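In case you want the letters, here they are:
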Amino acid sequence: MPPTLASLLHHSALKLTVRAGEDRLDVPVRWVHASELADPVPYMEGGELLLITALKLDAENPESMQRYVRRLAGAGVVGLGFAVGVNYEDIPEALVDAAAQEGMPLLEVPRRTPFLAISKAVSAAIAADQYRAVTAGFAAQRELTKQALTDGPEGLLAALASQVDGWAALYDASGAVVATAPEWAGRRAARLTADVERLRERPAPASSVVGGPENEDRVELHTLGTGRRPRAALAVGTAAALGTAERYAVHSAIALLTLTTERSRSLQAAEARVGAAVLRMLLAGEPDHARAVAGDLYGGLLDAPFRVIVAEAASVSAARVVDSGSRVALTKASAAVLVAASEASGDPLGGLTEIVESAAARAGEAVLVVPEGEGDTARLVVLAADGGAAVDACADYAAALEAARTGTVPEQAGSADEDELVVGLSAPAGPIAAAAAYKQAEQALSVARRRGRVCVEHEQMAAGSVLPLLADDAVKAFADGLLRALHEHDATGRGDLVASLRAWLSRHGQWDAAAADLGVHRHTLRYRMRRVEEILGRSLDDADVRMELWLALKATSTE
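Residues numbered from 1 in each chain as written. Predicted model: local features only at pLDDT ≥ 70, side-chain atom pairs only at ≥ 80, totals over all residues. Heavy atoms only, no water.

Per an unreviewed UniProt entry, the chain goes by the name PucR family transcriptional regulator and belongs to Streptomyces sp. R11.

Okay, here's the thing in structure tokens:
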């Protein structure tokens, strides 16, 4: 610990004695300064022991000494040393009384003790304290490194918590708690998630100090990573401000955690190549070869049903048909994702990658993420465990974007940037059916793009009606062309062939029921159907023709 007035009194070579302020001797001394100025305050920084001989002071004037001592105390001077036997044989009572009134420690310095000796003693004590702190810091660094190599981030956090006599927590890129030490700190760390999210919005590297919940402790937050966007964050909670040794330990932990969370670019590139190769083999119908290449990196993903996710960035300026029933209410989970969704504006695929990989890492799941193409053709292909955290995170991320787009969250309405996300999700599949799952995901992606939706699952396509698909402009153009001749005929007032055809098809060709719906005789309806066949040049006995005509009528229906 740094030198104090008490430690100087116990220094046998200095022979100092206390004349006032006996109850404040445990205050640390930052430095020793000798000054005979009547007002040395402008040259003080606080924490000094001031040494004087009262050469230019009216030391026997009580009012003058009260002003002098009061000003020193206000400047943060921790003690006053008076050399006796120089200008005064003893410390004047006026100065002793003033020091006692202000609670200022007043030390008597004997004539045989030079001020320089006191300065050297304090300097040596400060140097020794700094050396101890550096030595302790290096020892902490060795221990933290050992724990990081043997037990990973969890072991490192435990060692750090022990070094600072507090607790430590690691957050992932989305702001969720990954690990804590000790275990009881988990709930406390979770309550600081909002502070971590705010810290991530600042340029890296960034740090902040926050008061613990309910003033429990003092918490330092630090971002981890070398890129523009931090990959993780560290929280360190202590009862008081960190000392020099503890500061060394925290800085060492930041460096080590950055190494463990920020993998080298070459390793990332190698894993990406392996993932791309595994995906190509699965799509080529070679699951055994894919499993062999995947090894321990992705092998666990292929042992259970997985889903294929295909995502693209779609321009907002593209025509949309927004389904009014597609608005979603944000759950607590997706609300947390919304922050990352807004931060990923301009790079929606990067935001999805971060969300999916973070969720998989927290859950201990394997996930395969393969970027494809560049620029306008860029897309993301993801293989994730069915029912796992990565799939859930993708759904929450899409729900947050959908809510922001459709205005379910008022403050986010209309805030989407030029690029938005479009996601297609396959049904659960195994390695043998990977190619079919990929096709399902692409079909769902196409439907999501046409409907103006952020995400569509393949099961939703099968469970819903085919009629919304008829809203496509190409389908409407085909329907208009197929029925144009009938509409032109009806426009001349020579019969209602379109309504008659609709009634006949809706009654599955039952003449009496359809004629009753129209209020005409069945022979009149038979005549009209012959005219339809003559005008279109197609037979209503053909099931394909009836199907096409029915879909055309539904596509052009104004109901």
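### Re a nonpolar patch on the surface
On the surface, Met547, Trp550 and Leu551 cluster together to form a nonpolar patch covering roughly 250 Å² of accessible area. By the element assignment, Leu551 lies in helix H19 (residues 543-555). The exposure class of Leu551 is partly exposed, given its relative accessible area of 30%. (Patch = residues over 30% accessible without salt bridge, like charges linked within 9 Å, V, L, I, M, F, W, Y side chains within 5 Å. Areas by Shrake-Rupley, 256 points an atom, 1.4 Å probe, with all protein chains shown as cover. Salt bridge = Lys/Arg side-chain N within 4 Å of Asp/Glu carboxyl O. Helix = DSSP H or I, 4+ residues; strand = E, 2+ residues; numbered from the N terminus. Buried < 20%, exposed > 50% of the residue type's maximum accessible area, 1.4 Å probe, protein only.)

### Describing the sheet that holds strand S8 (residues 207-211)
One key point about sheets: their strands pair by backbone hydrogen bonds, in either a parallel or an antiparallel sense. Here we have five strands laid out as an open sheet, ordered S7-S6-S10-S9-S8, and antiparallel in their pairing. At either end of the open sheet lies a strand with only one pairing partner, and these are strand S7 (177-181) and S8. Here the strands of the sheet are splayed against their neighbours by 20° on average, with no regard to which way each runs. Inspection of the sheet shows strand S6 (residues 167-171) paired to S7 by four bridges, in the antiparallel sense. Across the sheet, Ala169 pairs through a bridge with Thr180, a residue of S7. Across the sheet, helix H6 (residues 193-200) lies against S6, S8, strand S9 (218-224) and strand S10 (232-238), angled at about 40° from S9, the strand it touches most. (Pairing = 2+ DSSP bridges. Axes fitted to C-alpha atoms, helices over the stretch in contact; angles between N-to-C directions. Contact = heavy atoms within 4.5 Å.)

### So, the pairing of strand S4 (residues 79-83)
Across the five residues of S4, five count as buried, placing the element largely inside the fold. By the alternation rule, side chains of S4 split into Gly79, Gly81 and Ala83 and Leu80 and Phe82, which are all buried. Both S4 and strand S5 (residues 106-109) contribute to a ladder of four bridges, which runs parallel. What sits directly across from Gly81, in S5, is Leu107. Following the chain from S4 across helix H3 (residues 93-102) to the adjacent parallel S5, one finds a crossover that is right-handed. (Right-handed = clockwise from strand over helix to strand, strands pointing away.)

### Structural notes on the packing of helix H2 (residues 62-74) against H3
For the pair H2 and H3, the least separation of the axes is 8 Å and the interaxial angle reads 40°. Classified by the interaxial angle, the pair formed by H2 and H3 is oblique. Here the hand of the crossing between H2 and H3 comes out right-handed. Here H2 contributes Pro62, Met65, Gln66, Val69, Arg70 and Ala73 to the contact with H3, which in turn contributes Ala94, Leu95, Ala98, Ala99, Gln101 and Glu102. For the contact of H2 with H3, the per-class residue count stands at eight nonpolar, two polar and two charged. (Parallel < 35°, antiparallel > 145°, perpendicular 65-115°, else oblique. Left-handed = near helix turned anticlockwise from the far one by under 90°. Nonpolar A, V, L, I, M, F, W, Y, C, P; charged D, E, K, R; others polar.)

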